[in-house]
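Below are the chains, spelled out letter by letter.
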Amino acid sequence: MTIDLLDRIVPGTMITGPHGLAAAVGPRRRVDDLGLHIKCVRRTSGDEPERGAVVSLSTVDFPRVAALHATAPGDAFVLESMLDDNTFVGLEDPDEPGRLIAAAGTHAVSERYAIAALGAVLVEPAHRGRGLGAVVTAGVCDRLEGRVSTVALNVEAENVSARRTYERLGFV
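Rules behind the numbers
- Residues numbered from 1 in each chain as written.
- Predicted model: local features only at pLDDT ≥ 70, side-chain atom pairs only at ≥ 80, totals over all residues.
- Heavy atoms only, no water.
- Helix = DSSP H or I, 4+ residues; strand = E, 2+ residues; numbered from the N terminus.
- Buried < 20%, exposed > 50% of the residue type's maximum accessible area, 1.4 Å probe, protein only.
- Areas by Shrake-Rupley, 256 points an atom, 1.4 Å probe, with all protein chains shown as cover.
- Arc of directions from axis to C-beta.
- Contact = heavy atoms within 4.5 Å.
- Expected span 1.5 Å × (residues − 1).
- Pairing = 2+ DSSP bridges.
- Salt bridge = Lys/Arg side-chain N within 4 Å of Asp/Glu carboxyl O.

Asks: Got a minute to help me understand the overall build of the protein in this structure?
Replies: Along the protein, the regular secondary structure elements total four helices and six strands. Counting from the amino terminus, the protein carries its helices and strands in the arrangement α-β-β-α-β-β-β-α-β-α. In the protein, which comprises 172 residues, the share counted as buried stands at 36%. Here the protein displays about 10,400 Å² of accessible surface, and carbon together with sulfur accounts for 53% of that area.

Structure below.
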């Protein structure tokens, strides 16, 4: 008996996979090729940035996170359910309290298997180049401390700035 796992994946769910997956799935589902990504795992704590005023975010903050993501469509994705695992953090605009200028969290956390997939890292375009991505990424890693032993992420191969940030934070 063959089980088709594709039938168990809800349409609209983002999945990642090896080259060739699009050809296999494409006839039955819409496939968006997001380009080559590099998989990274955090091996050391790396250079720790100044944390600043990182705030914890939860599902009640989803409208603020969605508004941040709307400033850079396609740069990262976030679902409301992702804010339900006590890992999401953000930085608020000092000139406009309550408005997020950077945020990060996880796509998935499994304490049972001691692994987390860091994701939804986004800095508003007008605030990039100031180290805010490192601050929120480190904030997520802080919240995962003691919960998991492995933190991994995917980063676009062409996103040199993000790759350097992650390397400074101990991801290889």
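Asks: Even after reading the chapter, I still don't get helix α4 (residues 160-168), so can you show me in this structure?
Replies: Given 3.6 residues per helical turn, the α-helix brings residues three or four places apart onto the same face. Of the positions making up α4, those classed as buried are A162, T165 and Y166. Along the axis of α4, the buried positions cluster into a sector of 95°, meaning they face one direction only. Turned more than 90 degrees from where α4 packs its buried face, R164 and E167 sit exposed. On the buried face of α4, the contacting elements are β5 (115-123), α3 (132-144) and β6 (150-156). G170 occupies a position one or two residues after α4 and carries a positive phi of about 100°.

Asks: Please explain α3 as it appears in this structure.
Replies: Taking 1.5 Å per residue, 13 residues should reach 18 Å; α3 reaches 19 Å between its end C-alpha atoms and fits that length. Counting buried positions along α3 yields 11 of 13 residues, so the element is predominantly enclosed. Taken as a whole, α3 has its buried residues at L132, G133, A134, V135, V136, T137, A138, G139, V140, C141 and L144. Buried residues along α3 sit against β3 (89-93), β4 (96-110), β5, β6 and α4.

Asks: Could you clarify how one ought to interpret the environment of E111 in this entry?
Replies: Looking at the secondary structure, you find E111 in the loop between β4 and β5. Judged by relative accessible area, E111 falls into the partly exposed class, the value being 47%. With 35 residues separating them along the chain, E111 and G146 place their C-alpha atoms 9.5 Å apart.

Asks: What am I meant to see in the pairing of β6 here?
Replies: Taken residue by residue, a regular strand's side chains alternate between the two faces of the sheet. Here β5 pairs with β6 via three bridges, running parallel. Bridge pairing links A117 to A152 in β6.

Asks: What am I meant to see in the pattern of salt bridges here?
Replies: Counted under the stated rule, the structure contains seven salt bridges. Of the charged contacts in the structure, one is a salt bridge between D61 and R64, with a shortest N-O distance of 3.2 Å. Assessed through its relative accessible area of 24%, R64 is described here as partly exposed. The residue R128 makes a salt bridge to D75 at a minimum N-O spacing of 2.8 Å. Here R128 is found in the loop between β5 and α3, whereas its partner D75 is found in the loop between α2 (62-69) and β3, with 53 residues between them in sequence. By relative accessible area, R128 is classed as partly exposed at 40%.

Asks: Help me out: how do you make sense of the pairing of β3 in this one?
Replies: Of all five residues in β3, four are buried; the element is thus mostly enclosed. When strand β2 (residues 55-56) meets β3, the two strands line up antiparallel, connected through two bridges. Note on β3: the bridge partner recorded for V55 is G90. Hairpin geometry of β3 and β4 is characterised by an intervening segment of two residues between the two adjacent antiparallel strands.

Limitation: the analysis is restricted to geometry and does not speak to function.
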